[in-house]
Amino acid sequence: MNNKYLEEKFQSAIDAEVKIEPRDWMPKKYRKTLIRQISQHAHSEVVGMLPEGNWITRAPNLRRKVALLAKVQDEAGHGLYLYSAAETLGVPREELIDDLLEEKAKYSSIFNYPALTWADIGTIGWLVDGAAIMNQVMLTRTSYAPYARAMVRICKEESFHQRQGYEILLTLCRGSEEQKALAQDSIDRWWFPALMMFGPRDNESTHSQQSLKWKIKRKSNDELRQQFIDVTVPQAEYLGLKVPDPNLKWNEKKGHYDSSELDWDEFWRVVKGHGPCNRERMEARRKAHADGEWVRDAAMAYAEKRRKRETVK
Amino acid sequence: MQDWPLFEIFIRSKNGLHHVHAGSLHAADPEMAIENARDVYTRRMEGVSIWVVESNQMHASKPEENDAMFDPADDKIYRHPTFYKIPDDVKHM
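First, a word on scope: everything that follows refers to the structure included in this document. None of the values given here were measured: they were computed from a predicted structure.

Definitions and cut-offs
- Residues numbered from 1 in each chain as written.
- Chains lettered and ligands numbered in written order.
- Predicted model: local features only at pLDDT ≥ 70, side-chain atom pairs only at ≥ 80, totals over all residues.
- Heavy atoms only, no water.
- Helix = DSSP H or I, 4+ residues; strand = E, 2+ residues; numbered from the N terminus.
- Rg over C-alpha atoms; globule rule 2.2 N^0.38 Å.
- Buried < 20%, exposed > 50% of the residue type's maximum accessible area, 1.4 Å probe, protein only.
- Phe/Tyr/Trp six-rings, centres within 6.5 Å; stacked < 30°, edge-to-face > 60°.
- Salt bridge = Lys/Arg side-chain N within 4 Å of Asp/Glu carboxyl O.
- Patch = residues over 30% accessible without salt bridge, like charges linked within 9 Å, V, L, I, M, F, W, Y side chains within 5 Å.
- Areas by Shrake-Rupley, 256 points an atom, 1.4 Å probe, with all protein chains shown as cover.
- Lys, Arg positive; Asp, Glu negative; His and termini not counted.
- Charge placed at Lys NZ, Arg CZ, Asp CG, Glu CD.
- Contact = heavy atoms within 4.5 Å.
- Buried area = accessible area lost by both parts, 1.4 Å probe.
- Polar contact = N/O pair within 3.5 Å; in protein donor to acceptor, adjacent residues only side chain to side chain.
- Nonpolar A, V, L, I, M, F, W, Y, C, P; charged D, E, K, R; others polar.
- Pairing = 2+ DSSP bridges.
- Axes fitted to C-alpha atoms, helices over the stretch in contact; angles between N-to-C directions.
- Parallel < 35°, antiparallel > 145°, perpendicular 65-115°, else oblique.
- Left-handed = near helix turned anticlockwise from the far one by under 90°.

### Some thoughts on the overall build of chain B
So, point 1. Per the secondary structure count, chain B includes 2 helices and 3 strands.
So, point 2. Taken from the N to the C terminus, the helices and strands of chain B come in the order β-β-α-β-α.
So, point 3. The C-alpha radius of gyration of chain B comes to 21 Å, more than 25% above the 12 Å expected for a compact globule of 93 residues.
So, point 4. When its C-alpha atoms are laid out on the principal axes, chain B stretches across 65 × 35 × 15 Å.
So, point 5. Within chain B, buried positions represent 25% of all 93 residues.

### A look at the environment of B:Glu35
So, point 1. Checked against the element boundaries, B:Glu35 lands in helix α1 (residues 30-41).
So, point 2. Accessibility expressed as a relative area gives 46% for B:Glu35, which makes it partly exposed.

### Comments concerning the packing of aromatic side chains
A ring pair, where both rings are aromatic, is described by two values, the distance of the centres and the angle of the planes.
Residues and elements named next belong to chain A.
So, point 1. This structure, assessed with the given rule, holds 15 aromatic pairs over all chains.
So, point 2. Taking 6.5 Å as the distance between ring centres and 80° as the angle between the ring planes, the aromatic pair formed by phenylalanine 10 and tryptophan 214 counts as edge-to-face. Note that phenylalanine 10 is positioned in helix α1 (residues 3-15) and tryptophan 214 in the loop between α9 (208-213) and α10 (221-239), a separation of 204 residues in sequence.
So, point 3. Phenylalanine 10 sits in the buried class, given a relative accessible area of 4%.
So, point 4. Here tryptophan 214 falls in the buried class, since its relative accessible area comes to 9%.
So, point 5. In this structure an aromatic cluster arises from ring pairing among Phe10, Trp25, Tyr30 and Trp214.

### Topic: the pattern of salt bridges
So, point 1. On inspection of all chains with the given rule, the structure shows 29 salt bridges over all chains.
So, point 2. Between A:Arg218 and A:Glu17 there is a salt bridge, and its shortest N-O distance comes to 2.7 Å. You can see A:Arg218 sitting in the loop between α9 and α10 and its partner A:Glu17 sitting in the loop between α1 and α2 (28-47), a full 201 residues away along the chain.
So, point 3. Accessibility expressed as a relative area gives 19% for A:Arg218, which makes it buried.
So, point 4. Judged by its relative accessible area of 41%, A:Glu17 falls in the partly exposed class.
So, point 5. Measuring nitrogen to oxygen at the nearest pair gives 3.5 Å for the salt bridge that ties A:Glu157 to B:Arg44. With A:Glu157 in helix α7 (residues 145-173) and B:Arg44 in the loop between α1 and β3 (49-54), this residue pair bridges two chains.
So, point 6. Via salt bridges that share partners, A:Glu52, A:Lys71, A:Glu75 and A:Asp129 belong to a single interconnected network.

### A word on a negative patch on the surface
So, point 1. Where like charges cluster on the molecular surface, the negative patch consists of A:Glu94, A:Glu95, A:Asp98, A:Glu293, A:Asp297 and B:Asp3.
So, point 2. You can see A:Asp297 is positioned in helix α13 (residues 293-312).

### With respect to the interface of chain A and chain B
So, point 1. With 20 residues of chain A at the contact, the number on the chain B side is 22 residues.
So, point 2. Among the residues of chain A in contact with chain B, A:Arg23, A:Arg153 and A:Met300 are the three that bury the most area, contributing 26% of the side total.
So, point 3. Connecting chain A to chain B are 5 salt bridges.
So, point 4. For the pair chain A and chain B, the interface holds 11 residue pairs in polar contact (both at pLDDT 80 or more).
So, point 5. Those elements that place two or more of their residues in the side of chain A that touches chain B are α4 (62-87), α5 (93-101), α7 and α13 of chain A.
So, point 6. With 8 residues, the single largest contributor to the side of chain A that touches chain B is α4(A).
So, point 7. Classifying every residue of the side of chain A that touches chain B by side-chain character gives 7 nonpolar, 3 polar and 10 charged.

### With respect to the sheet that holds strand β2 (residues 19-26) of chain B
Residue and element names in this part refer to chain B.
So, point 1. Within the open sheet, the 3 strands sit side by side as β2-β1-β3. Their pairing is antiparallel. At either end of the open sheet lies a strand with only one pairing partner, and these are β2 and β3. Ignoring strand direction, the axes of neighbouring strands in this sheet form an average angle of 25°.
So, point 2. Sheet topology places strand β1 (residues 6-12) next to β2; 7 bridges connect them, and they run antiparallel. Within β2, the position partnered with glutamate 8 by the bridge is serine 24.
So, point 3. Its contacts with the sheet put α1 on β1, β2 and β3, and the angle it makes with β2 is roughly 110°.

### Points about the packing of α4(A) against helix α6 (residues 118-139) of chain A
Residues and elements named next belong to chain A.
So, point 1. In the contact formed by α4 and α6, the axes pass within 13 Å of each other and the chain directions differ by 45°. In terms of orientation, α4 lies oblique with respect to α6. Two packed elements cross with a definite hand, and for α4 against α6 that hand is left-handed. Contacts between α4 and α6 pair Arg64, Leu68, Lys71 and Glu75 from the former with Trp118, Ile121, Gly125 and Asp129 from the latter.
So, point 2. For the contact of α4 with α6, a count of residues per class yields 3 nonpolar, 1 polar and 4 charged.

Structure (structure tokens):
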């Protein structure tokens with residue numbers, strides 16, 4: 001069977017909404033693109049634990065602490081679902097981790113921003129998880145089935161994350177002037193970075209066309225970004241917060257909000273490794289991996305010991 | 001992680017239902033795999049039973065052989081109840 005015939009058959013299946021499973025034939029580039037995308041999604045979940053993990057010991061009360069702890073634990077689990085899905089494509093876990101630690105693989109740039117105040121924990125849940133949910137709901141219809149199934153599971157769990165964040169902001173915005181100011185300062189710093197989570201503009205996104213053709217992506221970056229703005233602005237208004245975009249305006253004719261062009265220089269700067277926390281995040285990940293080596297080795301030694309004991313019995 | 005084998009995880013959500021494939025994870029041995037599966041896949045009371053199988057013990061059919069593999073069943077409609085004509089007057093059938 002020649003390659004061209006297989007590729008045409010593959011594209012017909014994609015066009016007919018047939019899902020691709022791990023052992024199905026797929027173009028080399030489809031496999032490679034998915035390994036990159038799914039593993040980077042996984043890395044994002046794990047690195048995403050860092051800005052929030054920092055606040056677990058600093059949460060204002062027990063309810064907030066248990067919620068934040070549960071959220072961060074969920075993120076670890078989400079990382080696992082995604083590494084699992086990536087591994088179905090034939091790449092070993094160790095290789096994926098090495099690529100992250102050697103900075104050959106990326107993670108979502110949003111996690112290169114610091115969580116400076118308690119209000120940021122609310123804003124991260126509301127805006128960052130909110131943007132992730134929008135992307136992930138779209139991906140529940142992605143053509144590669146293990147990725148889609150992981151997304152279904154993640155979406156069910158992610159909605160508590162967003163509600164947890166919004167509830168924090170509701171408390172702050174119904175509180176003292178100082179608490180309201182904390183919330184406003186938070187959205188001032190996180191609004192545009194959250195919009196950048198949807199990636200470069202469509203006409204500057206090299207992977208987008210092929211991703212859409214193979215139905216890896218089901219909606220374009222700009223489409224999702226606009227959807228997010230339309231959904232989120234009323235939520236900000238309910239809180240009494242001002243979205244820090246002077247050009248934000250409801251466009252009756254289009255049925256969407258008009259908004260400012262993003263600072264694409266900043267976008268590329270952070271993607272290329274020059275954001276506020278890039279170095280700190282990578283150091284934390286490398287340290288965690290190095291510090292955990294004795295645990296991994298000990299687990300293997302113990303398993304071996306247990307197996308030997310069982311054999312002797 | 002290079003030494004930890006990969007396990008496939010199956011969860012029965014409640015008695016009466018089948019175990020359903022939930023995903024995979026790495027663990028040092030089956031006991032650890034079960035504990036890790038509990039930690040990851042039953043956080044919201046989604047399980048009453050966990051099965052773990054080392055991935056290299058899973059055997060599967062080949063999708064490229066699907067046509068030959070599943071084709072014989074396609075034209076055997078007499079295996080379906082609707083193939084058989086029973087008058088309406090006959091009850092409980």
